[in-house]
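# Fold and geometry: a report
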Amino acid sequence: MNLVVLAADVDSVALKNVAKLTETREIQQITPRSFRLLGARPHEGLVTACAEGGLDHVWLPEGRRLSNFGLFVTDMDSTLINIECIDEIADMQGLKREVAAITEAAMQGEIDFRESLTRRVALLAGLDERALAEVFDHRLQLNPGAERLLQGLQRAGIRSMLVSGGFTYFTERLKQRLGFDYAYANELEVIDGKLTGKVIGDVVDGEAKANHLVRMRDELGLKPEQVIAAGDGANDIPMLRAAGFGVAFHAKPVLRDVAHCCLDHSGLDGILDLFGNDVG
């Protein structure tokens, strides 16, 4: 196993401190944002040293590269993008505080996702559907590194899937914008231009996310270890457990505990920098 250290901007002093702490015999640059510490040994102070130095880290098997993977699956809200769409939609109703509190409880794993979705969507009843466009056009931003990540995956021939407990209005537009191969989410019911406060069809919750991952993995003839999944909250736990390599992106503690890698100081494109193929 090799220790890989990375950040959006790696501090050389912090990197050398980690290398010394782990008795690294050689520091090997992977990309401008990532380094492989050859011969590094586990140390109880590693997590603290990396956090204090603004560095992310992960232990990877020798020789593991981006080309070993065939499918990337990611959550949308607060992972691919910088907002929770439902909270911003609720803001149009003057209910952002109430809805955001339910969202946070669900992300922390304190309440069931299906229950939380039903409660939150019900509060949107009567809202003009134009509010969705307002959120997409003026409030939604990609998280750092999202575009570079998707471009790198496409160059590497890796299929990509966006799967969300959010809404199809947003996933379909992001699919087109970024070039995802597949996208799945919940569909808001709209009648006469108004949200009804209901969702059409089966709810996409944590288990459904994992099921989409497994189904697509099997259709592509891939093994579990050939799948990368990224998320930020409790609803992503089943998906990360089903993947061969799970990434917790600026995540809640409940998800960090099941992830192979936690990215707190890197953008989403840190996933590319971990493995060091020709990622651009």
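Note that this is a predicted model, so its numbers are computed, not measured.

### Focus on the sheet that holds strand S8 (residues 194-200)
In space, the seven strands of this open sheet follow the order S8-S7-S6-S5-S9-S10-S11, with mixed pairing throughout. Either end of the sheet is taken by a strand with one partner, and the two such strands are S8 and strand S11 (261-263). In this sheet, neighbouring strand axes are inclined to one another by 25° on average, regardless of whether the strands run parallel or antiparallel. Where strand S10 (residues 245-249) lies against S11, three bridges are found, and the strand directions are parallel.

### Some remarks on the sheet that holds strand S4 (residues 56-60)
Pairing is antiparallel in the open sheet, where four strands are placed in the order S2-S3-S1-S4. Two strands bound the open sheet, and with one partner strand each, they are strand S2 (26-31) and S4. Each strand axis lies, on average, 25° off the axis of its neighbour in the sheet, ignoring direction. Relative to strand S3 (residues 34-38), S2 is paired through five bridges, and the arrangement is antiparallel. For threonine 31, the partnering residue across the bridge sits in S3 and is serine 34. Sheet contacts for helix H1 (residues 12-21): strand S1 (2-6), S2 and S3; angle to S3, the most-contacted strand, approximately 20°.

### Section: the packing of aromatic side chains
Enumeration according to the criterion identifies five aromatic pairs in this entry. Seen in terms of ring centroids, tyrosine 169 and phenylalanine 170 are 5.2 Å apart; in terms of plane orientation they differ by 70°. Their pairing is edge-to-face. In textbook terms, an aromatic cluster arises when at least three aromatic residues are bridged by ring pairs, as seen for Phe69, Phe245 and Phe275. Note that arginine 173 overlies the ring of tyrosine 169, its terminal NZ or CZ placed 3.6 Å from the centroid.

The rules we used
- Residues numbered from 1 in each chain as written.
- Predicted model: local features only at pLDDT ≥ 70, side-chain atom pairs only at ≥ 80, totals over all residues.
- Heavy atoms only, no water.
- Pairing = 2+ DSSP bridges.
- Helix = DSSP H or I, 4+ residues; strand = E, 2+ residues; numbered from the N terminus.
- Axes fitted to C-alpha atoms, helices over the stretch in contact; angles between N-to-C directions.
- Contact = heavy atoms within 4.5 Å.
- Phe/Tyr/Trp six-rings, centres within 6.5 Å; stacked < 30°, edge-to-face > 60°.
- Lys NZ or Arg CZ within 6 Å of the ring centre and 35° of its normal.

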